[in-house]
Amino acid sequence: DFDPGAGSALMKAAAGIDNFALRLAADGTFVWARAWGVADFSTSISMSAGPGSSLYFGGSFRNLGFTIDFDPSPNIAAASSQSSSNGYVVRWDP
């Protein structure tokens, strides 16, 4: 549960090692949480704040033929692995 307050924001890993991002307001109240990953292994190596509320994540995911969805909304922004190790940079505008 990523919500430190009375609410609930449950996140579940796709499998193996996945990625999670959490945003809290200055007073510590929950704003949002997101999860992304693949059935084997994905990791974020870096995160940076961009203009406004945008966030940049860089990392990798592995295993040929797996697909990862980088869109934290119900929409899909999928990328499929083309080799055993794949890098990514993604921008979110939550």
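Bear in mind that the values here come from a model prediction, so they are computed numbers and not experimental data. (Residues numbered from 1 in each chain as written. Predicted model: local features only at pLDDT ≥ 70, side-chain atom pairs only at ≥ 80, totals over all residues. Heavy atoms only, no water.)

Asker: How would you summarise the overall build of the chain if you had to cite specific residues and measurements?
Answerer: The helix and strand tally for the chain stands at 0 helices and 7 strands. In the chain, the succession of α and β elements from N to C terminus is β-β-β-β-β-β-β. Relative to its full complement of 94 residues, the chain shows a buried share of 28%. Restricting to contacts in the chain with at least 6 residues of sequence separation, those with at least 24 account for 37%. Just so you have it, the chain exposes about 5,600 Å², and 54% of that area is on carbon and sulfur atoms. (Helix = DSSP H or I, 4+ residues; strand = E, 2+ residues; numbered from the N terminus. Buried < 20%, exposed > 50% of the residue type's maximum accessible area, 1.4 Å probe, protein only. Contact = heavy atoms within 4.5 Å. Areas by Shrake-Rupley, 256 points an atom, 1.4 Å probe, with all protein chains shown as cover.)

Asker: Give a detailed account of the environment of Trp36, specifying residues and quantitative values.
Answerer: Within the secondary structure layout, Trp36 lies in strand S2 (residues 30-36). Residues contacting Trp36, with those up to four places away along its chain left out, are Asp18, Asn19, Phe20, Ala21, Ser42, Ser44, Phe57, Ile68, Asp69, Phe70, Tyr88 and Trp92.

Asker: Break down the pairing of S2 for me, with residues and values.
Answerer: Strand direction decides the pairing type here: strand S1 (residues 19-24) and S2, joined by 6 bridges, are antiparallel. Across the sheet, the residue bridging to Leu24 is Phe30, located in S2. A loop of 5 residues connects S1 with S2, the two strands running antiparallel in sequence, and Gly28 in this loop sits at a positive phi of about 90°. (Pairing = 2+ DSSP bridges.)

Asker: With reference to specific residues and values, describe the sheet that holds strand S4 (residues 55-62).
Answerer: Taken in spatial order, the 3 strands make up an open sheet running S3-S4-S7, and their pairing is antiparallel. Each edge of the open sheet carries a strand with a single partner, namely strand S3 (42-49) and strand S7 (85-92). Mean inter-strand twist for the sheet, computed between neighbouring axes without regard to direction, equals 15°. Judged from the 7 bridges that link them, S3 and S4 form a sheet pairing that is antiparallel. Note that in S4 the partner of Ser48 across the bridge is Tyr56. (Axes fitted to C-alpha atoms, helices over the stretch in contact; angles between N-to-C directions.)

Asker: Help me get a handle on the nonpolar core, residues and values and all.
Answerer: Residues Ala21, Trp32, Trp36, Leu55, Phe57, Phe61, Ile68, Phe70, Tyr88, Val90 and Trp92 constitute the largest nonpolar core, which totals 11 residues. If you list the elements that add at least two residues to this core, you get S2, S4 and S7. In this structure Phe57 touches Ala21, Trp36, Ser44, Ser46, Met47, Tyr88, Val89, Val90 and Trp92, once residues within four positions along its chain are discounted. (Core = buried A, V, L, I, M, F, W, Y, C linked by side-chain atoms within 4.5 Å.)

This is a description of form; function is not addressed.
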